[in-house]
Amino acid sequence: MDASPGTPTSAPLHVYVCWHPRCVEGARYAESVFRVLTDDVGVPDETAPGIPVYFRSEPAPDRNTPADIPFAEADHVALVMLIEENMVIDPDWRTYIEQLYGHVVHSDADRCRAEMIAVPLSSAARSVQGGICRSRFVQIDRCDDPSGTDDDVFMRRSRRLIGGVSFEIARLLRMDHDSAPLSVYISHARGEGREIAETIRDRHCVTYPVVLSCDHTNSGPGVGIANAVEREVTVDSAAVIVVETDLYGASERCRREWLWARTPCPVAADVHGQRPVIIVDAIRAGSNRRLFAADGVLAVPWDENEISWILDRLMVDVVRMQYYRLLSEAVRGRHKWPGKPIFLAARPDLLNVLTLCGSGIGTVLVYPDPPLGVADAAAIRTASHGIVVTSPSMCPLAGADSGGSATSTGDTSPVLVAVSFYPSPDARARGYSDLHLDSAMSGIVRVLLAHCFDLVLPGIIDTERANSRLFECARKYTALPLRLPATGDGVRSRLRFYVPWPLYLELSAPCEAVLSAAAEIVKVDPPDGLKINPDYAPPENDDSPYSAYRRARCITGMRERLSTDTRAAIIGGGGISGFRGKLPDVLEEVGLALAAGKPLFLLGAFGGCTGFIVDAIQMPDAYPEPLTYAYQVEVIAREAGFAVTGSSQSQKGHLAADYENLQLAITAVNDDTVYGGLHNGLSVGENEELFHSSDIRRITALIVKGLAIVAPSENRT
């Protein structure tokens, strides 16, 4: 997809982390950047900025270096190069780096602003030659402690990496990234607070060209930074460190400074932001007055040995604010808002909601995705005094995006949506890791649950890998309990796993206990024709043709029931070999959805079988060979492909895979390029964006918009 900046499909910022595949620690550093800037997959309550971070390490097909970087897809691109000896001595990688640097040097400032950030991982990196030597450098080895363990070294280096990269990204996002350095103001009370503030000022890490100020003597009695600097700095150039000691909350001046730091201020037309703030928690005996509206502000314990980390972490909030400002401007034209919108370039809290809702400058307050948790949303609604507080993915609930076409079916039963997201064999070559896939899966689950859709997941995916986070996200983001009273006795679960025989017999007790705590395990028994006792457990390692036949029949039966029970399907990833059914997993589910005429949302960016299906839809005259019967017989037969392993003609009939009709159904989706066969309510451009986008927040917004049109629910509020 070639999208130019300024169009609805252009992203404000993309970050690419590049390292040589033989660099053992490269993936670990790249994942630390992803967790802080995009999504901390292991911490459901963490609200990372959601900046798209992609990886470039695995070679692309037919080459020794990674895939090219699509500079035209974002307004700003940051290239983080993790340099060590393997990258230095590899001639193909040297050429790759020079090509990237050429894009940076010749990038058109009116279209895509790009920056290369070099991060030496070893002393051998000093030998690197070429244009990268003229890049911005982040020296992470300066924080090494010779007495520390390997884990200590990694922790300190990763913190400096994240802080340094965030600072360079913030400089890139400013109107003039070579302008004056960031000003950091330290708010403190007298006594110990002043001592700590001066220690931070005098011993801060010299790698950041920032100005730290903690002297109020020139401000006048009782004035403080709130009055002294608010006319001299903007939200783009000021950040605040709050040293919270026992005396801080009792000081009138300190409370005024805190409210000034947390009060939103205009940064663009109808866009308001907040100054980046971090709290240094130095309370000893206890304070009789804690800070008001501290939601979303990181508090770190005071430690003289961790001063550099305070600034490293503050840089993340600096780039978060910058990114949210650009993101707010980008989503302005994507939706039809149900009133005059005010865009908040930060997560909302009570203070900024009260401030903006009482200003009379708008009727809709829009904050960045993901949606607030149910408890936070309830408090915000109470404080908004009739002002609509929403996020881009929540907008379709008001019918604003549907153009009045969202109609109620009169059916008050729950809207069940199938979510199938399988590992993709070519995800790494496309720049994605397991973190990307887990983030996409849990992101879709939490947003759809927040919109009161009930979800069904096929239980043949890896149920033990990421489900605990799915449930934690569900508890935080759902607007209804995970279990609701059913029409008869008992309850209905809003998150369900459909597991076929004999796979449900293979579930470990710990896994089943975790699943049952928040979801319903629907155990789908064998089809009647097999005449199998559901309690019969086949012998382990039974790979006979008849065993493969039975398993394939049961998996197909489970998918047929899942398709019958659900109103729409969301599908991504998937392999084209190694499957245990009669067809590749995704191909079978897509075929069932198309045959039933159900709304279908295809996420093709992660590749795999879904990527091939997207290619087939967009280019029906060049149907991908891996989706054909000939390919499956020749390549998959040696993996015990089920189309050729039945032990009798009747068994083969049950497993007959009609690849020809599947091809006709898939290519028929492209009806004069309008993709009418998907029945998902999205326009041509929106479907093409869904086909290729890996920005999970944009993906979920598109899915919710389509579902609000084609599968409205009486349960949504």
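Keep in mind that this is a model prediction, so the values were computed, not measured. (Residues numbered from 1 in each chain as written. Predicted model: local features only at pLDDT ≥ 70, side-chain atom pairs only at ≥ 80, totals over all residues. Heavy atoms only, no water.)

Chemist: So what exactly am I meant to see when it comes to the nonpolar core here?
Modeler: Across soluble globular proteins, nonpolar side chains show a tendency to be buried alongside one another. With 73 residues, the main nonpolar core has Leu-79, Leu-448, Leu-455 and Ile-703 as its most contacted residues. In terms of residue count, helix 11 (residues 434-450) provides more of this core than any other element does, 8 residues in total. In this structure Leu-448 touches Val-417, Val-419, Phe-453, Leu-455, Ile-570, Ile-703, Val-704 and Leu-707, once residues within four positions along its chain are discounted. Among the nonpolar cores identified, the runner-up in size contains 70 residues, and Cys-23, Leu-82, Leu-182 and Ala-345 belong to it. (Core = buried A, V, L, I, M, F, W, Y, C linked by side-chain atoms within 4.5 Å. Buried < 20%, exposed > 50% of the residue type's maximum accessible area, 1.4 Å probe, protein only. Helix = DSSP H or I, 4+ residues; strand = E, 2+ residues; numbered from the N terminus. Contact = heavy atoms within 4.5 Å.)

Chemist: Is there a simple way to think about the packing of aromatic side chains in this case?
Modeler: The geometry of two aromatic rings is summed up by the distance between their centres and the angle between their planes. A full pass over the atoms with the stated rule returns 12 aromatic pairs. Relative to Phe-154, the ring of Tyr-29 has its centre 4.9 Å away and its plane inclined at 45 degrees; by these criteria the two rings are tilted. Here Tyr-29, found in helix 1 (residues 26-37), pairs with Phe-154, found in helix 4 (residues 150-173); they are 125 residues apart in sequence, far enough to count as distant. Phe-154 matches Tyr-29 in its accessibility class, with the two residues each being buried. The interplanar angle of 80 degrees and the centroid separation of 6.0 Å between the aromatic rings of Tyr-54 and Tyr-432 together place this pair among those described as edge-to-face. (Phe/Tyr/Trp six-rings, centres within 6.5 Å; stacked < 30°, edge-to-face > 60°.)

Chemist: I'm lost on the packing of helix 1 against helix 11 in this one. Help?
Modeler: Pairs of packed helices are described in terms of their axes, by the angle between the two and the distance that separates them. Where helix 1 contacts helix 11, the axes come no closer than 10 Å and their chain directions differ by 20 degrees. For the element pair helix 1 / helix 11, the angle class is roughly parallel. Here the hand of the crossing between helix 1 and helix 11 comes out right-handed. For the pair helix 1 and helix 11, contact is made by Glu-31, Phe-34 and Arg-35 and by Leu-435, His-436 and Ser-439, respectively. By residue class, the composition of the contact of helix 1 with helix 11 is 2 nonpolar, 2 polar and 2 charged. (Axes fitted to C-alpha atoms, helices over the stretch in contact; angles between N-to-C directions. Parallel < 35°, antiparallel > 145°, perpendicular 65-115°, else oblique. Left-handed = near helix turned anticlockwise from the far one by under 90°. Nonpolar A, V, L, I, M, F, W, Y, C, P; charged D, E, K, R; others polar.)

Geometric descriptors of this kind do not, in isolation, establish any biological role.
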